[in-house]
Amino acid sequence: MNYQQARWAEPLIFELSKLGRAWPPPSEKLLKSVNIPKKLLRRRLELPEVSEPQVVRHYTRLSQMNWGVDSGFYPLGSCTMKYNPKICEELAGLETVACIHPHQSEDTVQGALELMYKLEKYLAEIAGVSRVTLHPSAGAHGEFLGMHIIRAYHRFKEEGQRTEVIVPDSAHGTNFASAAMAGFNVVVVPSDVRGRVDLDALKNAVSDRTAALMLTNPNTLGLFEDQILEITDIFHSAGGILYHDGANLNGIMGKTRPGDMGFDIVHYNLHKTFSTPHGGGGPGSGPIGVTRELERFLPVPVVEYDQKHNRYYLDYDRPDSIGKINGFYGNFGVLVKAYAYILLMGADGLTEAAETATLNANYIMRKLLGVKGYELKFDSERPCKHEVAFSAEPLKRETGVTVRDIAKRLLDYGVHAPTYYFPPIVPEVLMIEPTETEPKEELDHFVDALKAIVEEARSRPEKLRTAPHATAIGRLDEVKASREPVLSWRMHRRLKG
Ligand SMILES: *Cc1c(COP(=O)(O)O)cnc(C)c1O
């Protein structure tokens, strides 16, 4: 048992509880003073009674059992797990930010509305679109909203027969799902030998039933679609809408803009590129930007500015709006972090982040190109953008070690695994996105770890098949975990006996 595993075996906070150890419960006097209705008061509250140091140790221990971007390198392709400045967290946690309520009157939240209004403007400038809505709570939510706007647009033009959305086979899974959930038929087009969308297949797929194309550029192989202007031409002449999956703008922000490429709608993942760490399910924010022509369909409310009275307000009076897609106005804390991040970086800083992210990915790509066991399935001549997708198929052929084994073993080297088994068009894929915030030494360590793993695959493959060995939890039985999930501490305890 390693140190981490030993700590995992220590009693949990619930088991350390001793009557009277916690600070005393609120006094009768205090309870009377806050005047909580009797029927809302619980007679018994089953909270563990532990001391402050025990609580602190409990949560610190739990945090150490997980892997986060604050623990180490996290090159999770497509997800942009970059380090996010802590000052943004601090600002989002200010009482004046965290404690405002969406039911407050507009007069009391002018600052919040101003922040949203200005963030919208910055994001519009970054992507080259006319207007932005901050409503969606995730990238997939933004896609779903985009699909509804596309439908509204075609109906508005009395072209309701446009029921097909074209998606390349390299796309993120959410693209297919969002289009289907919004009621469209999904038409999949293949990639060509260079890892771009196959232009001929695309031309063949377009018809008067085409509603939209969803495209990620740079795509999920980290490659820039250099025929993008041709693609947008094909679609626009056929009456389709171009949707840009901009979940990850880290490779292009400040350098080029989806709007300039001819896209009509673009979503941003503030929780990837703009300073909200993610994973574990939220909170996120997936604003979308649209061209002038599509503005009328944006969800309500829209934040507006009344110049005459120097006042920000929420506009619900938009007859062509597709309606509401969120309870209030998105995840405000995430918006605050994105706004702070953009101001902190400035235009030059954002551009430099994209350049460094791209440089780092290319550094890794060049370093790994000569390593036997890994290979690029597509264009190895062209520089990549913010990420690079290597295949470990040669290593599997030689040693039987899979990319899952590699991913697990990397944890023992103090590195979170890159994305693996995605995109599915590359067998045994490791999709590496180093981001701009890692120093050269960290990139070198990562490459060295991948090289060392190749050697291990040849000399002691068993070590890889059973990895990880240095983490709190070892190799999980993923099939059993999904068939017999243990979802609570009580279930876990009962099983442990
Ligand atoms: C992450 C991601 C999405 C989905 O974003 P969520 O916030 O996870 O819903 C869509 N497309 C791409 C390319 C992504 O990387």
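Given the structure is predicted, the values throughout are model-derived calculations rather than measurements.

**Focus on the site of the ligand**
Thought 1: Close contacts around the ligand come from Ser 78, Ala 138, Gly 139, Ala 140, Glu 143, His 172, Thr 174, Asp 245, Ala 247, Asn 269, His 271 and Lys 272, and that covers them all.
Thought 2: Ser 78 places a polar side-chain atom, nitrogen or oxygen, 2.5 Å from an oxygen atom of the ligand.
Thought 3: Within the side chain of Lys 272, one N or O atom sits 2.7 Å away from an oxygen atom of the ligand.
Thought 4: For the ligand, whose accessible area on its own is 380 Å², the fraction buried by protein is 87%.
Thought 5: For the shell around the ligand, the secondary-structure elements that each account for two or more residues are helix 7 (139-156) and helix 12 (270-273).
Thought 6: Here the residues of the shell around the ligand sort into three nonpolar, six polar and three charged.

**Some thoughts on the sheet that holds strand 4 (residues 210-215)**
Thought 1: The seven strands are arranged 1-7-6-5-4-2-3 in an open sheet whose pairing can be described as mixed. One side of each edge strand has no neighbouring strand; the edge strands of this open sheet are strand 1 (131-133) and strand 3 (185-189). Ignoring which end each strand starts from, the neighbouring axes of this sheet average 25 degrees apart.
Thought 2: Relative to strand 7 (residues 288-290), strand 1 is paired through three bridges, and the arrangement is antiparallel. Across the sheet, Val 132 pairs through a bridge with Gly 289, a residue of strand 7.
Thought 3: Seen against the sheet, helix 7 touches strand 1, strand 2 (164-168), strand 4, strand 5 (241-246), strand 6 (265-268) and strand 7 and runs at an angle of roughly 170 degrees to strand 5.

**Re the domain arrangement of the chain**
Bring the parts together and some accessible area is lost; that lost area is often taken as the interface size.
Thought 1: We note that the domain assignment places domain 1 (3-65), domain 2 (87-344) and domain 3 (347-482) within the chain.
Thought 2: For domain 2 and domain 3, the distance between their C-alpha centroids amounts to 30 Å.
Thought 3: Contacts between the two partners involve 30 residues from domain 2 and, on the opposite side, 25 residues from domain 3.
Thought 4: Here domain 2 meets domain 3 over a buried area of about 2100 Å², counting both sides, of which 59% is carbon and sulfur.
Thought 5: Lys 255 is paired through a salt bridge with Glu 355; the nearest N and O atoms lie 2.6 Å apart.
Thought 6: Across the contact surface, domain 2 and domain 3 share seven residue pairs in polar contact (both at pLDDT 80 or more).
Thought 7: Looking at the side of domain 2 that touches domain 3, its residues break down into 12 nonpolar, 12 polar and six charged.

**Comments concerning the side chain of Thr 276**
Thought 1: Position of Thr 276 relative to the elements: it lies in the loop between helix 12 and strand 7.
Thought 2: If sequence neighbours within four positions are ignored, Thr 276 has contacts with Asn 84, Leu 270, His 271, Pro 283, Val 334 and Lys 337.

**Quick word on the pattern of salt bridges**
Thought 1: In total, this model carries 36 salt bridges according to the counting rule given.
Thought 2: Residue Asp 226 is joined to Arg 196 by a salt bridge in which the shortest nitrogen-to-oxygen separation is 2.8 Å. Of this pair, Asp 226 sits in the loop between strand 4 and helix 10 (228-237) while Arg 196 sits in the loop between strand 3 and helix 9 (199-205); the two residues are 30 residues apart in sequence, bridging distant segments of the chain.
Thought 3: Note that Arg 292 is salt-bridged to Glu 295, the shortest N-O span being 3.7 Å.
Thought 4: Owing to a relative accessible area of 63%, Arg 292 belongs among the exposed residues under this scheme.

**Thoughts on the sheet that holds strand 11 (residues 388-391)**
Thought 1: Strand order across the open sheet formed by four strands is 10-11-13-12, with antiparallel pairing between neighbours. Each edge of the open sheet is held by one strand with a lone partner, namely strand 10 (375-376) and strand 12 (419-420).
Thought 2: Packed on one face of the sheet, helix 13 (residues 332-369) meets strand 10, strand 11 and strand 13 (429-432) and runs near 20 degrees to strand 11.

Calculation rules
- Residues numbered from 1 in each chain as written.
- Predicted model: local features only at pLDDT ≥ 70, side-chain atom pairs only at ≥ 80, totals over all residues.
- Heavy atoms only, no water.
- Near = heavy atom within 4 Å.
- Polar contact = N/O pair within 3.5 Å; in protein donor to acceptor, adjacent residues only side chain to side chain.
- Areas by Shrake-Rupley, 256 points an atom, 1.4 Å probe, with all protein chains shown as cover.
- Helix = DSSP H or I, 4+ residues; strand = E, 2+ residues; numbered from the N terminus.
- Nonpolar A, V, L, I, M, F, W, Y, C, P; charged D, E, K, R; others polar.
- Pairing = 2+ DSSP bridges.
- Axes fitted to C-alpha atoms, helices over the stretch in contact; angles between N-to-C directions.
- Contact = heavy atoms within 4.5 Å.
- Domains from an automatic or database assignment.
- Buried area = accessible area lost by both parts, 1.4 Å probe.
- Salt bridge = Lys/Arg side-chain N within 4 Å of Asp/Glu carboxyl O.
- Buried < 20%, exposed > 50% of the residue type's maximum accessible area, 1.4 Å probe, protein only.

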